[in-house]
Every structure is written in C-alpha cells, then in structure tokens.
Amino acid sequence: MTIDSPDIRDGFDFEGRTACVTGAAQGIGEAVAEAFAALGANVVVADIDGAGAEAVAERVADAHGVRAVGLETDVSEYDAAVAMVEATVEAFGSLDVLVNNAGVAGVENFLDSEPADWDEKLGVSLYGTLNCTHAALPGMVERGDGVVINYASSSYRGNDPGLAVYGAAKAANRSFTKTMSKEVGGSGVRVNCVCPGTVETPSTKAFVEKYREKLGQSYALERVGRPQEVANAVVFLASDAASWITGETVHVDGGYVRR
Ligand code: NAD
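Description of the structure in this document. Here the structure is a predicted model, which means the values were calculated and not measured.

**Structural notes on the site of the ligand**
No. 1: Neighbouring the ligand are 27 residues, the closest being Gln-26, Asp-47, Asn-101, Tyr-166 and Thr-201.
No. 2: Asp-47 places a polar side-chain atom, nitrogen or oxygen, 2.6 Å from an oxygen atom of the ligand.
No. 3: Alone, the ligand offers 840 Å² of accessible surface; in the complex the protein occludes 90% of this.
No. 4: When atom positions are compared with the pocket grids, the ligand is found to occupy the largest pocket.
No. 5: The set of elements that each furnish at least two residues to the shell around the ligand consists of helix 1 (27-38) and helix 5 (164-184).

Shown next as structure tokens:
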C-alpha cells in the first residue's frame, strides 16, 4: 500500500501487481486490461474466446512493456474460475485485482423466453461473478490485500423491457458487492462495482449506430460512453487512491436521466 505517500500519482502505480480481467478479449474488458497495463500491472486476459484473449494479451504487453497472458476461461464454470486463479498465481505470484467484467445481455421479452435462455445470461453475468470471486478471495484474504470489481448496468433499475434476466443479474451483482465488502473488509480486501450506461463496444455497435440520437437523450452528456471511460473508473476503484472506498457502486453513465 502507498496510502501514506505524499505523491498522489503513487496511488495509481500498479507495478508489481497483477490484474485479472474476465471477458477482456474485446470491448470494455479489453480497455480495462489495457488501462492496467498502461499503469504497469501484469495482466491476465481471461475470455471464453481463447484466441482473442491471447491476441489482446500480446498487444498490451508489447504496447506497455508489461507481462500479460491470455487464458481461455468460461467464467460460468466454477472449475474454470478456479483454474484461472491458479494460472494467474502461477504466472505472476499473486492475484491482486479481479475484474468481473464478463457479461452477456441479449434482448428478449421474458414471456417469449424459456428457462434454458436464462442460463447463459445468469451463468456469465451473475454466476461468473460468484465463481471468480469465490475462487480469488481466499488468497486475497490470506494476504490481507486485494480488490474485486464487479459490474452492474443501468438496466439493473428495471427500465429496459427485454433485459429482465440480464437486469436482474446486474442488480444481484450490486447486492453481492455490498455484502462481500462487509464479509472481507476486516482483512483489508475491497469490493466495489461499476455501473455503466450504454457504451459502444463490438456487441452494442449495431444497436448504438441505429439509435445513437435517441440514446443520447437518456444521458446528461447527450452521448453514449466509450470503453476507456469505464476502464478509467475501474482502475481508480482498484487503485490505492481509492483505499477507503468499498461496497460502492459507481455509476459511469454520462449522467443517466431515464430513472
Ligand atoms: P462484449 O460483449 O463486447 O464483450 C464481452 C466479452 O465477454 C467477450 O469477449 C466475450 O467473449 C466474453 N465472454 C462471454 N461469455 C463468457 C464466458 N462465459 N466466460 C468468459 N468470457 C465470456 O461486452 P461489453 O459491451 O464490453 O461489456 C462488458 C461488461 O460491461 C459486461 O459485464 C456488460 O454487461 C457490462 N455493460 C456493458 C454495457 C454496454 O453498453 N456495452 C452497459 C452496461 C454494462
């Protein structure tokens, strides 16, 4: 910890630390992996798309002079989450920051869906968070140091017809964040959550391009977000500059006004 340092920049120094970012082969997760690398962290890029994860790891390692590995990981499987944490510790010695970025949306009216349709959304967006957190926390608690960042979404509020199951998973992640912060806070481990509004990523690109103007009306800043803008909040919450912030959900949503 560098919290006694008089230089605020030291709070954002991740050199010698390891960040593991799930769902980081593209989109917001890729931007998060890059942001940690830019601040000196070793990075694990975990994604169900193994080739994509390796490509991102290679790119950010080359660009920022850090070490990075890509891991094919299905976060909806508990054993895969355990293997991801073990591989991280084996490669870099410790897992200091876990970012539970992987999530799957998909628009569909609830009454048109079947139980099988809920599995992927809950499996990745909720169980992925539970699996990876359960696998990562024991090591953090033992060392008395570590940060977990979870993901909600503006749709946790229930404002978005078609996103009932996804929104429920994201609401659960907020609740889980708060509870976990209390369960592990005494050991010095922090657990926070980011709640993005609409961000232009490969999975939202077509939707954003079609409705860009209308979407802008939902935000005080009158535009959708960029992946890097969420990544900035993630690295802040993971940094020593946020050493007394835990259990919080930080809304990164350009001033979402459609409450
Ligand atoms: P994206 O769909 O562009 O990328 C998601 C990544 O997760 C992909 O690389 C995909 O291969 C990976 N993935 C999917 N299933 C996986 C699994 N089972 N195990 C591991 N990886 C898996 O997503 P995005 O738009 O960058 O969103 C990232 C996060 O931010 C998600 O949690 C999402 O719910 C949240 N979010 C996004 C927006 C938005 O508008 N983009 C808004 C609010 C919240």
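Now that the structure has been shown, we can carry on.
**Quick notes on helix 6 (residues 205-216)**
No. 1: The terminal C-alpha atoms of helix 6, which comprises twelve residues, lie only 14 Å apart, well short of the 16 Å expected from a rise of 1.5 Å per residue.
No. 2: Taken residue by residue, helix 6 has Val-208, Leu-215 and Gly-216 as its buried positions. One side of helix 6 carries all its buried residues, which in axial view fall inside an arc of 55°. Within helix 6, the exposed residues directed more than 90 degrees away from the buried face are Ala-206, Lys-210, Glu-213 and Lys-214.

**Some thoughts on helix 2 (residues 50-64)**
No. 1: Along its 15 residues, helix 2 runs 21 Å from first to last C-alpha, staying within 8% of the 21 Å computed at 1.5 Å per residue.
No. 2: Listed as buried for helix 2 are Gly-50, Gly-52, Ala-53, Val-56, Ala-57, Val-60 and Ala-61. Along helix 2, the residues classed as buried sweep out an arc of 160° about the axis, all on the same side. Exposed side chains of helix 2 directed beyond 90 degrees from the buried face belong to Ala-51, Glu-58 and Asp-62.
No. 3: If you follow the buried residues of helix 2, they end up packed against helix 1, strand 2 (42-47) and strand 3 (68-72).
No. 4: Its side-chain oxygen 3.4 Å from the backbone nitrogen of Ala-51, Asp-49 forms the N-cap of helix 2.
No. 5: Where helix 2 ends, the next residue or the one after it, Gly-65, has phi of about 65°, a positive value.

**Digging into the sheet that holds strand 5 (residues 147-151)**
In a beta sheet, neighbouring strands pair by backbone hydrogen bonds and run either parallel or antiparallel.
No. 1: Overall, parallel pairing links the seven strands, which are arranged 3-2-1-4-5-6-7 in an open sheet. Two strands bound the open sheet, and with one partner strand each, they are strand 3 and strand 7 (249-252). Sheet twist, expressed as the average angle between the axes of neighbouring strands with direction ignored, equals 20°.
No. 2: Pairing geometry for strand 4 (residues 97-99) and strand 5, over three bridges, is parallel. Bridge pairing in strand 5 links Val-97 to Val-147.
No. 3: Helix-sheet contacts for helix 7 (residues 227-238) involve strand 4, strand 5, strand 6 (190-196) and strand 7, and the interaxial angle to strand 6 is about 165°.

**A few points about the side chain of Ser-125**
No. 1: With respect to the secondary-structure elements, Ser-125 resides in helix 4 (residues 115-143).
No. 2: What makes Ser-125 buried here is its relative accessible area of 0%.
No. 3: Among the polar contacts made by the side chain of Ser-125, one reaches the main-chain amide nitrogen of Val-104 at a distance of 3.1 Å.
No. 4: Leaving out residues up to four positions away in the same chain, Ser-125 has contacts with Ala-102, Gly-103, Val-104, Glu-120, Tyr-166, Ala-169, Lys-170 and Asn-173.

**A word on the packing of aromatic side chains**
Aromatic ring pairs are described here by two measures, namely the spacing of the ring centres and the angle between the planes.
No. 1: A complete count under the given rule lists five aromatic pairs for this structure.
No. 2: Ring plane angle 90° and centroid distance 5.1 Å describe the contact between Phe-14 and Phe-36, whose orientation is recorded as edge-to-face. With Phe-14 in the segment before strand 1 (18-22) and Phe-36 in helix 1, this residue pair connects regions lying 22 residues apart in the sequence. By the burial criterion, Phe-14 is buried, and Phe-36 matches it.

**As for the pairing of strand 3**
No. 1: Alignment of strand 2 against strand 3, held across five bridges, turns out to be parallel. Following the sheet pairing, Ala-46 is matched in strand 3 by Leu-71.
No. 2: On the question of chirality, the crossover connecting strand 2 to the parallel strand 3 by way of helix 2 is right-handed.

**Topic: the side chain of Arg-190**
No. 1: Note on placement: Arg-190 falls in strand 6.
No. 2: Buried charge without a salt bridge: Arg-190, with Asp-240 as the nearest opposite-charge side chain at an N-O distance of 5.3 Å.
No. 3: If we skip the residues at most four places from it in the chain, Arg-190 touches Gly-146, Val-147, Val-148, Leu-237, Ala-238, Ser-239, Ala-242, Ser-243, Ile-245 and Thr-246.

Rules of the game
- Residues numbered from 1 in each chain as written.
- Predicted model: local features only at pLDDT ≥ 70, side-chain atom pairs only at ≥ 80, totals over all residues.
- Heavy atoms only, no water.
- Near = heavy atom within 4 Å.
- Polar contact = N/O pair within 3.5 Å; in protein donor to acceptor, adjacent residues only side chain to side chain.
- Areas by Shrake-Rupley, 256 points an atom, 1.4 Å probe, with all protein chains shown as cover.
- 1 Å grid on protein atoms, 1.4 Å probe; cavity = no way out; pocket = protein on both sides within 12 Å on 5 of 7 lines; lining within 4 Å.
- Sits in = over half its atoms within 2 Å of the grid points.
- Helix = DSSP H or I, 4+ residues; strand = E, 2+ residues; numbered from the N terminus.
- Expected span 1.5 Å × (residues − 1).
- Buried < 20%, exposed > 50% of the residue type's maximum accessible area, 1.4 Å probe, protein only.
- Arc of directions from axis to C-beta.
- Contact = heavy atoms within 4.5 Å.
- Pairing = 2+ DSSP bridges.
- Axes fitted to C-alpha atoms, helices over the stretch in contact; angles between N-to-C directions.
- Phe/Tyr/Trp six-rings, centres within 6.5 Å; stacked < 30°, edge-to-face > 60°.
- Right-handed = clockwise from strand over helix to strand, strands pointing away.
- Lys, Arg positive; Asp, Glu negative; His and termini not counted.
- Salt bridge = Lys/Arg side-chain N within 4 Å of Asp/Glu carboxyl O.

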